[in-house]
Amino acid sequence: MDEFFQMDALDYTRYRMGKSYCFRMKDDLQTIVACFTVSNDSIRIYDLPSSRRNAMWGITNREKMLTRYPGVLVGRLAVASLFSGKGVGSEVLDFIRMWFLDESNKTGCRFAIVDAKNEPDVLRFYEHNGFKPLFPREIDEDFYTKPPKNEEERAERVKNPRKLKTRLMFCDLLDE
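Described in the following lines is the structure provided in the data block. Model, not experiment: these values are computed from the prediction. (Residues numbered from 1 in each chain as written. Predicted model: local features only at pLDDT ≥ 70, side-chain atom pairs only at ≥ 80, totals over all residues. Heavy atoms only, no water.)

### Describing the sheet that holds strand β6 (residues 166-172)
What counts is decided by this rule: Each pair of strands is called paired provided DSSP finds at least two bridges between the two strands. Under the scheme used here, helices are H or I runs from DSSP no shorter than 4 residues and strands are E runs no shorter than 2 residues, and both carry numbers assigned from the N terminus. Should any heavy atoms of two residues lie within 4.5 Å, those residues are considered in contact. Helix axes are fitted to C-alpha atoms over the stretch in contact, other axes to C-alpha atoms as well, and angles between N-to-C directions run from 0 to 180 degrees.
Taking strand neighbours across the sheet as the criterion, the six strands line up as β1-β2-β3-β4-β6-β5 in an open arrangement whose pairing is mixed. What marks the edges here is a single partner per strand, and that holds for β1 (19-25) and β5 (132-133). Looking at chain direction, strand β4 (residues 111-117) and β6 are connected through seven bridges and run antiparallel. Each residue of the ladder has a partner; that of Lys117, found in β6, is Thr166. Contacting β2 (28-44) and β6, helix α5 (residues 138-145) crosses the sheet at an angle of about 90° to β6.

Here you go:
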């Protein structure tokens, strides 16, 4: 994560791929507490398994059934090791949620989305903070993120599923 914020964050901003922010100590501006990057994203409804698609429609306005629902992607979130395990990450997520719910926000979005590392501690952290997996099974997410080219490839991937490096998770901002 250090490498991203030191080497790539400015390019991300310059090319409008995301914007990075950091929280610093008030009395020592050189001490970074946490950093995060946000960008626009969406959830493609018709690619979801029917149970998740119906659940998404159930929490949104059914009068206008969109094919995508807007969200903010929290693309990077890092807490300095000195502050790790003290609830700072949860506070950053709360800040982001409130930031995008604020009436002065310039974009509309219903969901916060993360592409979390597929590690038990990381997934538990996001679940503890109100995020749910977009897909109950990794194979469904694998097909969503990289659709098979043909039935042969689909059958092979079902037979030999691969372990995903990340898992898509979301939270409904209006649940706050």
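### Description of the nonpolar core
Quick note on the threshold: What we call a nonpolar core is a set of buried Ala, Val, Leu, Ile, Met, Phe, Trp, Tyr and Cys residues that are connected through their side-chain atoms within 4.5 Å. Relative accessibility thresholds used throughout: buried, under 20% of the residue-type maximum; exposed, over 50%; partly exposed, between the two (1.4 Å probe, protein chains only).
Judged by nonpolar contacts, the single largest core of 23 residues is most densely connected at Tyr126 and Phe131. Only β2, β3 (68-79), α3 (88-101), β4, α4 (120-128) and β6 provide two or more residues apiece to this core. Sort the elements by how many residues they give to this core and α3 lands first, with five residues. If near-sequence neighbours (up to four positions away) are discounted, Phe131 is found in contact with Leu93, Arg97, Ala112, Ile113, Val114, Tyr126, Met169, Phe170 and Cys171. Counting residues in hydrophobic clusters, the runner-up holds 14 residues, among them Trp57, Tyr69, Ile113 and Phe135.

### Observations regarding the packing of aromatic side chains
Given two aromatic rings, their pairing is described by the distance between the two centres and the angle made by the two planes. Put simply, the rule is: Aromatic pairing here means that ring centres of Phe, Tyr or Trp (its six-membered ring) are within 6.5 Å. Orientation follows from the plane angle: under 30 degrees is stacked, over 60 is edge-to-face, and everything else is tilted.
For the structure on display, the rule yields 13 aromatic pairs. Their ring planes at 85° and their centres at 4.9 Å tell us that Tyr21 and Trp99 sit as a pair that is edge-to-face. Here Tyr21, found in strand β1, pairs with Trp99, found in helix α3; they are 78 residues apart in sequence, far enough to count as distant. For Trp99, a relative accessible area of 30% gives the class partly exposed. For the ring pair Phe111 and Phe170, a centre distance of 5.7 Å and an interplane angle of 75° mean the geometry is edge-to-face. Here Phe111, found in strand β4, pairs with Phe170, found in strand β6; they are 59 residues apart in sequence, far enough to count as distant. For Phe170, a relative accessible area of 3% corresponds to the buried category. Grouped by ring-pair contacts, the aromatic residues Tyr21, Phe23, Phe36, Phe95, Trp99 and Phe100 constitute a single cluster.

### Considerations on the pattern of salt bridges
Inclusion rule: Should a side-chain nitrogen of Lys or Arg be within 4 Å of a carboxyl oxygen of Asp or Glu, the pair is scored as a salt bridge.
Under the defined criterion, the tally for this structure stands at nine salt bridges. For the salt bridge of Arg124 with Asp121, the shortest nitrogen-to-oxygen distance reads 2.4 Å. Residue Arg124 and its partner Asp121 are both found in helix α4; the two are separated by three residues, about one turn of the helix. For Arg124, a relative accessible area of 49% corresponds to the partly exposed category. Given the relative accessible area of 57%, Asp121 is considered exposed. In this structure, the salt-bridge partner of Asp142 is Arg157, at a minimum N-O distance of 3.1 Å. Residue Asp142 is found in helix α5, and its partner Arg157 is found in helix α6 (residues 151-159); the two are separated by 15 residues along the sequence. Comparing Asp142 with Arg157, the two get one shared label, buried. What emerges from the salt-bridge pattern is a single network uniting Asp142, Glu153, Arg157 and Arg162.

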